[in-house]
Amino acid sequence: DMTATQNGSSITIGWTDNSSDETGFKIYKRTSSESAYTSLVTLDSNVTTYNDSAVTEGTEYYYAVSSVNQNGESRKTNPVSIVLDGTPPTVTSVSPAANSTVSIDYDKKLVVTFSEEIKYTSPGGIYGVQAKFTWGSNEISYSEVTEDFGSYGTGSIFTFTLAGGAGCLKAGTTVSIVVDASYIQDINGNDMANDFTYTYNVGNTAINSESWSACGQSE
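Residues numbered from 1 in each chain as written. Predicted model: local features only at pLDDT ≥ 70, side-chain atom pairs only at ≥ 80, totals over all residues. Heavy atoms only, no water.

A. View of the nonpolar core. Grouped together as the largest cluster of nonpolar side chains are 34 residues, with contacts concentrated most on Val112, Phe114, Phe133, Phe160, Ile177, Val179 and Tyr200. The set of elements that each furnish at least two residues to this core consists of strand 9 (91-95), strand 11 (109-120), strand 12 (129-136), strand 13 (143-149), strand 14 (154-161), strand 15 (168-169), strand 16 (174-179) and strand 18 (196-202). With sequence-adjacent residues up to four places away left out, phenylalanine 133 is seen in contact with Ser143, Glu144, Val145, Glu147, Leu162, Ala163, Leu169, Thr174 and Val175. Counting 15 residues, the second-largest nonpolar core is a separate cluster that includes Met2, Trp15, Tyr61 and Ile82. (Core = buried A, V, L, I, M, F, W, Y, C linked by side-chain atoms within 4.5 Å. Buried < 20%, exposed > 50% of the residue type's maximum accessible area, 1.4 Å probe, protein only. Helix = DSSP H or I, 4+ residues; strand = E, 2+ residues; numbered from the N terminus. Contact = heavy atoms within 4.5 Å.)

Here it is in structure tokens:
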């Protein structure tokens, strides 16, 4: 039952003590490029964790454990492997692009692509990306709204839809996006270092000419 976790600078392995007469546990380690294990240390009996700080980012490590007593050494456990990761996630691309211009009947889809698989850590699971935009329709007045998006799920590409399907973006306004680093980590627990902010514009064009009337705006 071996486990391996990491914090960007060290790796901690754990195991279950299934023996009752060991005098200690012996820790073995190798990298993915090595064929043979190296003996690291022999720990006292009943110890079930070991922290290894002699590690390099981006390297895959394999660990195995055996128990020892006065009669000798048990066979090694099945190995556990882990890649040390200390690099925080970043935003690599967005759609619509920064400073671009979309039509009033744009489908309101926002796509944020990260450098690696990430997870949202906000309480309740709804926060991480914030959008400010002006929308409305013939039936309701146009107003500026702020919406937060997020999920407990993981992935490197996240897609959000701004407002409801019946609403339209208001011509001549700006959409502001904030990717909040406070609520984003990679799957190894590295926090996003800095907020990512950008804007794009809603122009005076429409994909469908009838959208001007449907959206209650003048061309």
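And the narrative resumes.
B. Here's a closer look at unusual backbone geometry. Cis geometry marks the peptide bond from serine 95 to proline 96; its omega dihedral reads 0°. Looking at where proline 96 falls in the secondary structure, it is placed in the loop between strand 9 and strand 10 (101-102). Here the phi dihedral of asparagine 46 falls at roughly 70°; this positive angle occurs in a residue that is not glycine. Within the secondary structure layout, asparagine 46 lies in the loop between strand 4 (38-44) and strand 5 (49-52). Under the relative-accessibility criterion, asparagine 46 is labelled exposed at 57%.

C. Representation of the sheet that holds strand 1 (residues 3-6) within the structure. Within the open sheet, the three strands sit side by side as 1-2-5. Their pairing is antiparallel. Two strands bound the open sheet, and with one partner strand each, they are strand 1 and strand 5. Strand-to-strand, the axes of this sheet are offset by a mean angle of 20°, without reference to chain direction. Sheet topology note: the strand 1/strand 2 (residues 11-14) ladder contains four bridges and is antiparallel. Its bridge partner lying in strand 2, threonine 3 is registered against glycine 14. (Pairing = 2+ DSSP bridges. Axes fitted to C-alpha atoms, helices over the stretch in contact; angles between N-to-C directions.)

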